[in-house]
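The chain contents come next:
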Amino acid sequence: MPRSSALAREKNSIPSGLELLPAYIHFLPVGHTHEDIDQMFSCVARQLRCHNAFTLQDLEHEASISYSPPIKMVQVTMVPNIKEELIKQMAGHFKNHSKAIVV
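All of these numbers come straight from a predicted model, not from anything done at the bench.

**Topic: the overall build of the protein**
- Broken down by element type, the protein carries five helices and zero strands.
- Scanning the protein from its N terminus toward the C terminus, one meets helices and strands in the order α-α-α-α-α.
- Out of the 103 residues belonging to the protein, those deemed buried represent 8%.
- For the protein, the accessible area works out to roughly 10100 Å², and carbon and sulfur atoms hold 61% of it.

Dropping the structure here:
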């Protein structure tokens, strides 16, 4: 048997090291994208353990270098009170979805 065909046969019969390793694929469950946010805050917390942030500018700098892509911080100056509008929108929404439980 020619040497090249013997090598080819051995090459096909011996699995490479990568074929022996198990493969794990992870997908985020639908609606569980908060894990990405948790990872981002974890990176910021780890950075702040080593570097103090005494001002808002310090915090912005440390946060931006702690995570990739860099975090862009925006100052919130007003938070609207939407409770009453939500109450109007939700009025009667659950009326047809609930049933009385008789024991």
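Read on for the rest.
**Some words on the side chain of Q47**
- With respect to the helices and strands, the residue Q47 is situated in helix α3 (residues 34-50).
- Exposure remark for Q47: the relative accessible area of 16% places this residue in the buried category.
- In this view, Q47 contacts E62, I65 and S66; residues no more than four positions away in its chain are not counted.

**Focus: a nonpolar patch on the surface**
- Residues I82, L86 and M90 make up a contiguous nonpolar surface patch of roughly 270 Å² in combined accessible area.
- Considering the arrangement of structural elements, one finds L86 in helix α5 (residues 83-90).

**Some remarks on the side chain of S66**
- In this structure, S66 sits in helix α4 (residues 56-66).
- Within the local environment of S66, its side chain forms a polar contact with the backbone oxygen of A63, the two atoms lying 2.8 Å apart.
- Ignoring any residue separated from it by four or fewer positions in sequence, one finds S66 in contact with C43, V44, Q47 and I71.

**Looking at α4**
- Along α4, the residues classified as buried are E62, A63 and S66. End-on view of α4: buried residues confined to an arc of 100°, all on one side of the axis.
- In the core, the buried residues of α4 are packed alongside α3.

**Focus on unusual backbone geometry**
- A cis amide bond links S68 to the next residue, P69, at an omega of 5°.
- Along the polypeptide, P69 turns up in the loop between α4 and α5.

Cut-offs used in this document
Residues numbered from 1 in each chain as written. Predicted model: local features only at pLDDT ≥ 70, side-chain atom pairs only at ≥ 80, totals over all residues. Heavy atoms only, no water. Helix = DSSP H or I, 4+ residues; strand = E, 2+ residues; numbered from the N terminus. Buried < 20%, exposed > 50% of the residue type's maximum accessible area, 1.4 Å probe, protein only. Areas by Shrake-Rupley, 256 points an atom, 1.4 Å probe, with all protein chains shown as cover. Contact = heavy atoms within 4.5 Å. Patch = residues over 30% accessible without salt bridge, like charges linked within 9 Å, V, L, I, M, F, W, Y side chains within 5 Å. Salt bridge = Lys/Arg side-chain N within 4 Å of Asp/Glu carboxyl O. Polar contact = N/O pair within 3.5 Å; in protein donor to acceptor, adjacent residues only side chain to side chain. Arc of directions from axis to C-beta.

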